[in-house]
Amino acid sequence: MSGIGLSKALNGDTLRRFASLAKQSQSASSSLRGPLGQDQAITSGLRIGARTFSSALDGLNSAVSFVNLSEKALATLSDLTDKLIDVTRRATDVAASKGTRQELQIEFKRLAGEFRRTVKNATTGDNEFLSKEGLSEIFTTIGLDQKSSDSIAAVFSQFVTPVADDSLASEQNAASYVSVPVGAFSARRSDAEVLVSKISNNSGTVSLSGGISQVNSLVNDRDVALNQNPTKAVILATALNGNTTAASAGTLSAGLELLAVNETTGYSVVTSTSDPLGYNAGGYNQIFIVNASGDVVQQVTSNASVATTYSSADISADDLTVAYIENTGTTASVLRAKFSSLGVDPTTATSLTVMSVGLGSSPFIGVKIDNSGEYIAFQDASVDPIITYFYSASSGTFDALIQGTTGITSYGFVQAGKLAYIDGTGIYRQTFDDGAPRGLVYGTSYTSLSTLEGGTDGYFGYYDTDTDMYQVLDVNDLEVQLSVQLSSSDSIFSTSLAFNSDGSHIDLGIVGVMSSFGGDSDRELYRIRYNPAAVEGIRSSASTPSQFDAITGGQITSIFDDSRDISKRGQAFRTLEDLKALKSQISKNLQALDGARNVLQDNIKLVRATGLAFLEMAEQVRTSVDAETLAESLRQRIRASAPTALSQAENLNPITVAALTYGV
């Protein structure tokens, strides 16, 4: 049955069967082996067919109503899950008192009860419209059986249900671990959700700059840590194990500045007047790429003027493309240099001028490049207020919405071609040339935006000056990945984000005067991460959306089981992850219901067109006609009336049989 076209679904045999129903005799069936007779069997058969397809339409419309009920109930459960996630997340807050957590537990139970009642009441007659089986029964009754139809099988393959039950919003999860309340090991566990490491030891003699990556933390400072070159500024690289080395100690000390850090590889972009690779004999300002071990691996620019300086730069994920701002004293330019490999003559770079103006001072600031190296953002500070640009190297054009926009204070790339930014009303994400931006977080007290491209998600972090809280969220689901309470006495100069060593969590880098962290009054680089003793072991054990389809073992537990007590932070973290998995399941199944409705609508178009074709032909046929000729005339009418629904032709005969058998 699967995959057949309209010619096989509606042919001479189809018409003979309808005519046979009209004649209700063996002789009628025999007489119809050739031409259809003029004894009204033909017109009666066509009219029976029209009535049959009209009945089938009623069944299909009933199925649409059933899907609408499923969608409405699932949307209600989605809203309840959002509320449960909010309550549970508040219970994970280290600042929440015991009394507050107990109140949150009461609210959690109330919402869980409402969730369960919604699922229990999701029935109409004997059918459960929040279960995959219930949907399948309705579809099968009207002739849409996933076992014999490719299109229907494709619909049901999109539904996500656990092995434990087939609910579209299942509270069942399988866990291979035992929930251990935090209080059971209070003597060995920490209540602190984050750990703070001071990377630098600045004595206040330089304006320290720096950033973090997945493999190290980098600062531009005097070499007082190693004393290999204590009178000069160097790039100090501190590995995650705490070991500190000086990046090419002494070889880049002249005019050294740190411009950018690759948050994944730990490579850095620096400017210096040194000549470590033999391409800068004149001692001019140049841009260099330094690897995570501190070795200079590429000279980027080929400047030959003492007046030229570089004020900003950024680097792509593969370390082969650098965007930078160049100031010659007479012109200011935003440029991009792209290399096929590292360690080559800088003049071999593919150079691109994004924008250039003839000014005596630099109007351009804050250049950013995405991981792919194709998209660039920067600002022009020569005007008041400052304006922002968002550029595509592939198309050579600027984003029409962002170009010349004022009010943007911070920005960075969260995904390829997707720019996050802060303006006076909140934080937004703009996809290149995709019209209006997507609002992420709304508020007027946000500063110090940092962004991170990683996997399918992107991440952004921001400081809320009203609450002195720095939060890191993923850009797709807007779920908090890291939350750090600072003090109003702290002063942030710059921030950066990076994954930890195994990529499981986001770390935050802050360059600033963080007197609340140890009382240091100098500008330092701090690395802030989750405390594994308080959080990580719990977070990593929860179910994930992808596990719903492949749960094969472990203890099956309910998110809303009476033993779940979110007033205990350990269980709150576990429950939060399970709720996020539930939310993902519901979201996927809402999309699947959209797909089911679309397929039903296509079948409705096809059946309606078929019924009308039968009715019209019943009024027009007046002489004997060959069954195959008549069938071809019907098919032509159907193709003209419902061209976009012909992919559902494989369902036409099963729908017909169902309408005749069950009267649906």
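None of the values given here were measured: they were computed from a predicted structure. Each chain carries its own residue numbering, running from 1 in the direction its sequence is written. Reporting of local features is limited, given that this is a predicted model, to residues whose pLDDT is at least 70; pairs of side-chain atoms are given and counted only at 80 or more, and all residues count toward the totals for whole chains, interfaces and linings. Each side-chain value is worked out from all heavy atoms of the structure, with water and hydrogens disregarded.

A. Here's a closer look at the overall build of the chain. Secondary structure summary: the chain contains 11 helices and 35 strands in total. Only protein chains enter the calculation, and the probe is 1.4 Å; a residue is then buried if its accessible area is under 20% of its type maximum, exposed if over 50%, and partly exposed in between. Burial statistics for the chain: of 664 residues in total, 51% are counted as buried. Under the scheme used here, helices are H or I runs from DSSP no shorter than 4 residues and strands are E runs no shorter than 2 residues, and both carry numbers assigned from the N terminus.

B. Broad picture of a negative patch on the surface. Taken together, the side chains of Asp126, Glu128, Glu133 and Glu137 define an acidic patch exposed on the protein surface. As for its position among the elements, Glu137 is in helix 6 (residues 132–141). Distance thresholds for patches are 9 Å for like charges and 5 Å for nonpolar side chains (Val, Leu, Ile, Met, Phe, Trp, Tyr), applied to residues having over 30% relative accessible area and no salt bridge. Per-residue accessibility takes into account occlusion by the displayed protein chains alone, with areas from the Shrake-Rupley method and a 1.4 Å probe. Counted as salt bridges are all cases of a side-chain nitrogen of Lys or Arg within 4 Å of a carboxyl oxygen of Asp or Glu. Counted as positive: Lys and Arg. Counted as negative: Asp and Glu. His and the chain ends are not counted at all. We put the charge of a Lys on NZ, of an Arg on CZ, of an Asp on CG and of a Glu on CD.

C. Seen up close, the sheet that holds strand 30 (residues 480–485). By the convention used here, strands pair only if DSSP detects at least 2 bridges between them. With antiparallel pairing, 4 strands are arranged side by side in an open sheet as 27-28-29-30. Bordering the open sheet on either side are strand 27 (446–454) and strand 30, each of which pairs with just one other strand. Sheet twist, expressed as the average angle between the axes of neighbouring strands with direction ignored, equals 10 degrees. When strand 28 (residues 457–464) meets strand 29 (residues 469–474), the two strands line up antiparallel, connected through 6 bridges. Residue pairing across strands places Phe460 opposite Leu473, the latter belonging to strand 29. Interaxial angles span 0 to 180 degrees and are taken between N-to-C directions of axes, which are lines fitted to C-alpha atoms, for helices over the stretch in contact.

D. Up close: the pairing of strand 33 (residues 524–530). Across the 7 residues of strand 33, 6 count as buried, placing the element largely inside the fold. When strand 5 (residues 194–198) meets strand 33, the two strands line up antiparallel, connected through 5 bridges. Bridge pairing in strand 33 links Lys198 to Tyr526. Bridging between strand 32 (residues 506–513) and strand 33 involves 5 bridges; their strand directions are antiparallel. Residue pairing in the sheet places Gly512 in a bridge with Glu524 of strand 33.

E. Seen up close, the packing of aromatic side chains. Two rings belonging to Phe, Tyr or Trp (six-membered ring only in the last case) form a pair when the distance between their centres is within 6.5 Å. Interplanar angles under 30 degrees mark stacking, angles over 60 mark edge-to-face geometry, and anything in between is tilted. The tally for this structure, following the rule as stated, stands at 23 aromatic pairs. When the ring of Tyr428 is compared with that of Tyr442, the centres are 5.9 Å apart and the planes differ by 80 degrees; the resulting orientation is edge-to-face. Of this pair, Tyr428 sits in strand 25 (residues 426–431) while Tyr442 sits in strand 26 (residues 438–442), and the two are 14 residues apart along the sequence. Exposure remark for Tyr442: the relative accessible area of 56% places this residue in the exposed category. By way of ring pairs, the aromatic residues Phe364, Phe378, Tyr389, Tyr391 and Phe398 are connected into one cluster.

F. Seen up close, the sheet that holds strand 12 (residues 286–290). Strand order in the open sheet formed by 4 strands is 10-11-12-13, with antiparallel pairing between adjacent strands. Two strands lie at the open edges of the sheet, namely strand 10 (257–261) and strand 13 (296–299), each paired on one side alone. Strand-to-strand twist in this sheet, taken as the mean axis angle between neighbours without regard to direction, amounts to 30 degrees. Relative to strand 11 (residues 268–272), strand 10 runs antiparallel, the two sharing 4 bridges. The residue bridging Ala260 from the neighbouring strand is Val269, located in strand 11.

G. Highlighting the confidence of the model for the chain. When pLDDT is averaged along the chain, the result is 83, and 85% of the positions lie at 70 or above. A score between 0 and 100, pLDDT records how confident the predictor is in each residue. The contact criterion used throughout is that any non-hydrogen atoms of two residues lie within 4.5 Å. In this model, residues 25–39 is a region of pLDDT below 50 whose contacts with residues beyond four sequence positions or in other chains number 23 contacts.

H. Local environment of the nonpolar core. Only buried residues count toward a nonpolar core. Its members are Ala, Val, Leu, Ile, Met, Phe, Trp, Tyr and Cys residues joined through side-chain atoms within 4.5 Å. In terms of nonpolar packing, the biggest core is built from 77 residues, with Leu46, Phe115, Phe560, Leu600 and Phe614 touching the most fellow members. Among the elements that take part in this core, helix 4 (residues 41–92) stands out by supplying 20 residues, more than any other.

I. Looking closely at the pattern of salt bridges. Using the criterion set out here, one finds 21 salt bridges in the structure. Here Arg16 and Asp13 are joined by a salt bridge, their closest N and O atoms 2.9 Å apart. Taken together, the residues span about one helical turn, with Arg16 and Asp13 both in helix 2 (residues 12–23) at a distance of 3 residues. Two residues, Asp562 and Lys109, come together in a salt bridge whose shortest N-O distance is 3.9 Å.

J. Focus on unusual backbone geometry. Cis geometry marks the peptide bond from Asp384 to Pro385, where omega comes out at 5 degrees. Mapped onto the elements of the fold, Pro385 is located in the loop between strand 19 (375–380) and strand 20 (387–392). Despite not being glycine, Asp319 shows a phi value in the positive range, around 65 degrees. With respect to the helices, strands and loops of the structure, Asp319 is situated in the loop between strand 14 (309–315) and strand 15 (321–327). By relative accessible area, which is 4% here, Asp319 ends up buried. Located in the positive-phi region is Asp468, a residue other than glycine, with phi close to 55 degrees. Position of Asp468 among the secondary structure elements: in the loop between strand 28 and strand 29.

K. Seen up close, the side chain of Gln105. With respect to the helices, strands and loops of the structure, Gln105 is situated in helix 5 (residues 98–120). Dropping the residues within four chain positions of it, Gln105 is found in contact with Arg564, Asp565, Ile566 and Ser567.

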